[in-house]
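Here's the letter readout for the chains.
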Amino acid sequence: MVLDLEKRTFLLVTGASRGIGQRMAVEVTAKLKSSSFVVLLARSETGLAQTKAEIEALQLKDLKVYTFSIDLSTATATQFQEILTKSLKDAKAKDFERAFIIHNAGSVGDVSKGAVDVADTNIWQQYYHMNVFSAISLNCEFFRAFTGVPKLVVNITSKCGIEPFASMSFYCSGKAAKEMYFRVLANEQPNVEELVVLNYAPGAIDTQMTVLVQRDSINKELADFFKMQRDTKTMLTTEQTTKKFLQVLQEQKFKSGDHVDYWDE
Ligand SMILES: NC(=O)c1ccc[n+]([C@@H]2O[C@H](COP(=O)([O-])OP(=O)(O)OC[C@H]3O[C@@H](n4cnc5c(N)ncnc54)[C@H](OP(=O)(O)O)[C@@H]3O)[C@@H](O)[C@H]2O)c1
């Protein structure tokens, strides 16, 4: 079964330098078969090195960890091909029992602006390149590299992908577009022995992303809500959402392509 975590896995996590992606990269790796390969992407070399060090401290035998600093707001299919080729220099794709990708990297966009405030297509283009196009391009290259290998594809989505929030026109529209791409993928490839797709919404988490929304959003209600959660220390942590994420994978109750939220029963 694609979802059983203890397999020899090729795991790739985007946005692995901090926040949710960093925690997921470490906690997921801890569940894998020891000879797995882990590939971590983000811009910050320092953050990637921290995540790598945490993973190596798990001391899993024959585990390999590769980091690549890449800016997903300009990344190309050729760069993704190179990353996959370099990561596979000591193994063949077919040596892995499963290929697992977590499309986690994300940015919230300019929350100081309303939906009719930004007419500049370059700004939208850059946002969509980072948050939608890069994930699609990487996903295509990942599928090409792991033809014939069972795949688990996770898209870190948001309630914002299915519900509108004022000041979040970049974020909500980007999350909706990205999630629909992954739903189409699940629909096209329904054999769950070969592919399982999960759109996981982690809940509101104490990371740099929610700090930015709290500081800059013109949606005062949302900013105040995050502030209240921070002040009362009730905002969810990356540890809590990662624990739930692992539970969702292990319980195997969702259908491929589903949107599963932290708060779902
Ligand atoms: N926090 C929440 O409440 C919440 C709620 C729902 C969904 N999510 C989703 O969860 C995911 C992770 O968010 P987070 O809260 O952990 O945010 P975060 O702490 O801001 O982390 C974002 C990650 O994305 C990477 N990233 C940002 N811009 C990038 C770029 N141009 N190129 C490459 N990597 C880039 C960052 O690395 P570098 O800066 O090193 O590049 C970082 O590793 C996102 O998809 C977000 O939409 C978060």
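Structure: above.
Residues numbered from 1 in each chain as written. Predicted model: local features only at pLDDT ≥ 70, side-chain atom pairs only at ≥ 80, totals over all residues. Heavy atoms only, no water.

Participant: Any chance you could explain the environment of Val26 here in plain terms?
Facilitator: Among the secondary structure elements, Val26 is positioned in helix H1 (residues 19-31). Along the backbone, Val26 and Val154 are 128 residues apart, and their C-alpha atoms lie at a distance of 16 Å. Leaving out residues up to four positions away in the same chain, Val26 has contacts with Thr51, Glu54, Ile55 and Leu58. (Helix = DSSP H or I, 4+ residues; strand = E, 2+ residues; numbered from the N terminus. Contact = heavy atoms within 4.5 Å.)

Participant: What am I meant to see in empty space enclosed by the protein here?
Facilitator: Think of a ball as big as a water molecule: rolled over the atoms, this probe shows where empty space is left. Across all of its chains, the model carries one cavity of 30 Å³ or more by this definition. Empty space within the largest cavity amounts to approximately 70 Å³. As for the largest cavity, its lining consists of Thr14, Leu72, His103, Asn104, Ala105, Met130, Asn131, Ser134, Ala135, Leu138 and Lys178. Looking at the lining of the largest cavity element by element, the count peaks at five residues for helix H4 (residues 121-145). Taken together, the residues that form the lining of the largest cavity break down as five nonpolar, five polar and one charged. (1 Å grid on protein atoms, 1.4 Å probe; cavity = no way out; pocket = protein on both sides within 12 Å on 5 of 7 lines; lining within 4 Å. Points joined across faces, edges and corners; volume = space filled by probe spheres on them. Nonpolar A, V, L, I, M, F, W, Y, C, P; charged D, E, K, R; others polar.)

Participant: How do you make sense of the site of the ligand when you look at a structure like this?
Facilitator: Neighbouring the ligand are 30 residues; Arg43, Asn104, Tyr171, Ile205 and Thr207 lie closest to it. Backbone polar atom of Ile20 to an oxygen atom of the ligand: 2.9 Å apart, as the coordinates give it. Relative to its free-state accessible area of 870 Å², the ligand is covered by the protein chains to the extent of 95%. Taken together, the elements giving at least two residues each to the shell around the ligand come down to H1, helix H5 (169-188) and helix H6 (208-216). By residue number, the principal contributor to the shell around the ligand is H6, which donates three residues. (Near = heavy atom within 4 Å. Polar contact = N/O pair within 3.5 Å; in protein donor to acceptor, adjacent residues only side chain to side chain. Areas by Shrake-Rupley, 256 points an atom, 1.4 Å probe, with all protein chains shown as cover.)

Participant: Teacher, can you tell me more about helix H2 (residues 45-56) here?
Facilitator: For an α-helix the count is 3.6 residues per turn, leaving residues at separations of three or four pointing the same way. For H2, spanning twelve residues, the distance from its first C-alpha to its last is 16 Å, which sits close to the expected 16 Å at 1.5 Å a residue. For H2, the complete set of buried residues consists of Gly47, Leu48, Thr51 and Ile55. Along the axis of H2, the buried residues cluster in a sector spanning 100°; they form a single face. Those residues of H2 that are exposed and aimed more than 90 degrees away from the buried face are Glu45 and Thr46. (Expected span 1.5 Å × (residues − 1). Buried < 20%, exposed > 50% of the residue type's maximum accessible area, 1.4 Å probe, protein only. Arc of directions from axis to C-beta.)

Participant: Any chance you could explain the side chain of Thr242 here in plain terms?
Facilitator: Its location among the elements puts Thr242 in helix H8 (residues 238-251). Look past the residues within four positions of Thr242 in its chain and what remains in contact with it is Ile20, Arg23, Met24 and Glu27.

Participant: Would you take a moment to explain the packing of H1 against H8 for this structure?
Facilitator: Geometrically, a packed helix pair is captured by the angle between its two axes and the distance between the axes. At a closest axis distance of 9 Å, the pairing of H1 and H8 adopts a crossing angle of 45°. Relative to H8, the element H1 lies oblique. As H1 packs across H8, the resulting crossing turns out to be right-handed. Facing H1, whose interface residues are Gly19, Ile20, Arg23, Met24, Glu27, Val28 and Lys31, H8 presents Thr238, Glu239, Thr241, Thr242, Phe245, Leu246 and Gln250. Residue composition of the contact of H1 with H8, by class: five nonpolar, five polar and four charged. (Axes fitted to C-alpha atoms, helices over the stretch in contact; angles between N-to-C directions. Parallel < 35°, antiparallel > 145°, perpendicular 65-115°, else oblique. Left-handed = near helix turned anticlockwise from the far one by under 90°.)

Participant: Help me understand the packing of aromatic side chains, please; the structure alone is not making it clear to me.
Facilitator: For any two aromatic rings, the description comes down to two numbers: the centre-to-centre distance and the angle of the planes. Evaluated as defined, the whole model comprises 16 aromatic pairs. Between the aromatic rings of Phe10 and Phe146, the centroid separation amounts to 4.7 Å while the plane-to-plane angle is 45°, which identifies the pairing as tilted. In this pair, Phe10 is assigned in strand S1 (residues 9-14) and Phe146 in the loop between H4 and strand S5 (151-156), connecting sequence segments 136 residues apart. Considered together, Phe10 and Phe146 belong to a single accessibility category, that of buried residues. Ring centres of Phe37 and Phe96 lie 5.0 Å apart, and the angle between their planes is 75°; this geometry places the pair in the edge-to-face category. Here Phe37, found in strand S2 (residues 37-42), pairs with Phe96, found in the loop between helix H3 (77-87) and strand S4 (98-103); they are 59 residues apart in sequence, far enough to count as distant. (Phe/Tyr/Trp six-rings, centres within 6.5 Å; stacked < 30°, edge-to-face > 60°.)

Participant: So what exactly am I meant to see when it comes to the environment of Ala49 here?
Facilitator: With respect to the element layout, Ala49 can be found in helix H2. Sequence-wise, Ala49 and Tyr66 are 17 residues apart; in three dimensions their C-alpha atoms are separated by 9.6 Å.

Participant: Is there a simple way to explain the packing of H3 against H4 in this structure?
Facilitator: Interhelical geometry of H3 versus H4 gives an angle of 40° and a closest axis separation of 9 Å. Comparing the axis directions of H3 and H4 gives the class oblique. Of the two elements, H3 crosses H4, and the hand of that crossing is right-handed. Across from Ala77, Phe80, Gln81 and Leu84 in H3, the residues of H4 making contact are Ser134, Ser137, Leu138, Glu141, Phe142, Arg144 and Ala145. Counted by class, the contact of H3 with H4 contains six nonpolar, three polar and two charged residues.

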